[in-house]
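Residue-level listing of the chains:
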Amino acid sequence: MNGFFDIPSDLQHSWAGLIGVHLREALLPVAAGLLLALPLALLCNRYRWLYPPVLGVTTVLYAVPSLAFFVVLIDWTGQTELTVMIPLALYSLVVLVPAIADGVRSVPDETLSAATAMGFGPVRRYLQVQLPIAAPAIIAGLRVATASSISLVSVGALIGNQGALGNLMAAAQKYDRPELAANAVLTTAVLAVLCDAALVALRRALTPWMPHSGRQRNAAPNEELLTKGAAR
């Protein structure tokens, strides 16, 4: 373990500092992707013909290597964190758009009819009825997108030390210190596990009617969700 946490000074961050940068570069793109995916999923559910081309575009974007994005973006955004985060936000769409769209489509027609009868407009119905019921599917998509983003941040080490913990792997080769590479891999894995556990806890908090830890619970009636939404 000697030197495991001895971070080279040219990385300009301590071990804790690299963790903070890594989380920022990984989680902000997922949040941005979620903000983009919510209206896209709404449009895809309202206009069903739009779903296949939107999914096709997001799939094509996901297939583009991050290095290719870096080459295109670097003239405008330079060797900055933004150059790393933009591709990660686009990559998250391939998971989040179908997760949200499919989750929202799973809401029973009777629930939608009841919401309409209570005076809910399309946007209010989407935000206060469909999204809460679709929360398990949405958070499942967020779990995949978050784990993927945390792992892909390290590629940023190729453009001016913007890879956060990935910079340790470059430093391991530069200084012939394999313990730095082990540090990067283990810390990244732990961050992914902790973020996933946080999202699982969030799902449990948002969906108390779902069974957890093998305990069977009765599903909350959709009418209760509507009552809560109408009271807001």
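Because the structure is predicted, anything quoted here is derived from the model rather than measured.

**Q** I'm lost on the UniProt feature "transmembrane region" (unreviewed entry) in the chain in this one. Help?
**A** Following the UniProt record, the feature "transmembrane region" (unreviewed entry) maps to residues 26-43, 55-76, 82-101, 133-160 and 180-202 here. Helix makes up 68% of residues 133-160 and strand 0%. Its end C-alpha atoms lie 43 Å apart. The distance from the first to the last C-alpha atom of residues 180-202 is 33 Å, and the span holds 100% helix and 0% strand.

**Q** Could you clarify how one ought to interpret the pattern of salt bridges in this entry?
**A** Oppositely charged side chains are able to pair whenever their charged atoms sit close together. Inspection of the entire model under this criterion finds 3 salt bridges. Residue Arg 177 pairs with Glu 179 through a salt bridge whose shortest N-O separation is 2.8 Å. On the basis of relative accessibility, which here comes to 21%, the residue Glu 179 falls in the partly exposed class.

**Q** How should I be thinking about the side chain of Asn 45 in this particular structure?
**A** With respect to the helices and strands, the residue Asn 45 is situated in helix α1 (residues 15-46). On the basis of relative accessible area, Asn 45 is assigned to the buried category, the value being 15%. Engagement of the side chain of Asn 45 in a polar contact is seen with the side chain of Arg 105, the distance being 2.8 Å. The residues contacting Asn 45, other than those within four sequence positions of it, are Ala 101, Val 104 and Arg 105.

**Q** Just to check I follow, could you spell out the nonpolar core for this structure?
**A** The nonpolar side chains of soluble globular proteins are, as a tendency, buried together. In this structure, Leu 11, Leu 18, Leu 165 and Leu 168 are the most contacted members of the largest nonpolar core, which totals 24 residues. Residue assignment for this core shows that the elements contributing at least two residues are α1, α3 (66-77), α4 (81-105), α8 (166-174) and α9 (178-206). The contact partners of Leu 18, leaving out residues within four places of it in the chain, are Ile 7, Leu 11, His 13, Ala 164, Leu 165 and Leu 168. Counting residues in hydrophobic clusters, the runner-up holds 21 residues, among them Val 97, Leu 131, Ala 134 and Ile 138.

**Q** Is there a simple way to explain the packing of helix α7 (residues 135-152) against α9 in this structure?
**A** Any two packed helices are characterised by how steeply their axes cross, that is the angle between the axes, and by the distance between the axes. As a packed pair, α7 and α9 sit with axes 9 Å apart at the nearest point and diverge in direction by 165°. The angle between the axes of α7 and α9 places the two elements in the roughly antiparallel class. The element α7 and its partner α9 pack so that their crossing is right-handed. From α7, Pro 136, Ile 139, Leu 142, Arg 143, Thr 146, Ile 150 and Ser 151 reach across to α9, where they touch Thr 188, Leu 191, Ala 192, Cys 195, Asp 196, Leu 199, Val 200, Leu 202, Arg 203 and Leu 206.

**Q** Could you clarify how one ought to interpret the environment of Thr 188 in this entry?
**A** With respect to the helices and strands, the residue Thr 188 is situated in helix α9. Under the relative-accessibility criterion, Thr 188 is labelled buried at 13%. Separated by 24 residues in sequence, Thr 188 and Ala 164 place their C-alpha atoms 10.0 Å apart.

Reading the values: rules and limits
Residues numbered from 1 in each chain as written. Predicted model: local features only at pLDDT ≥ 70, side-chain atom pairs only at ≥ 80, totals over all residues. Heavy atoms only, no water. UniProt positions renumbered as here; feature names shortened; annotations may be inferred. Helix = DSSP H or I, 4+ residues; strand = E, 2+ residues; numbered from the N terminus. Salt bridge = Lys/Arg side-chain N within 4 Å of Asp/Glu carboxyl O. Buried < 20%, exposed > 50% of the residue type's maximum accessible area, 1.4 Å probe, protein only. Polar contact = N/O pair within 3.5 Å; in protein donor to acceptor, adjacent residues only side chain to side chain. Contact = heavy atoms within 4.5 Å. Core = buried A, V, L, I, M, F, W, Y, C linked by side-chain atoms within 4.5 Å. Axes fitted to C-alpha atoms, helices over the stretch in contact; angles between N-to-C directions. Parallel < 35°, antiparallel > 145°, perpendicular 65-115°, else oblique. Left-handed = near helix turned anticlockwise from the far one by under 90°.

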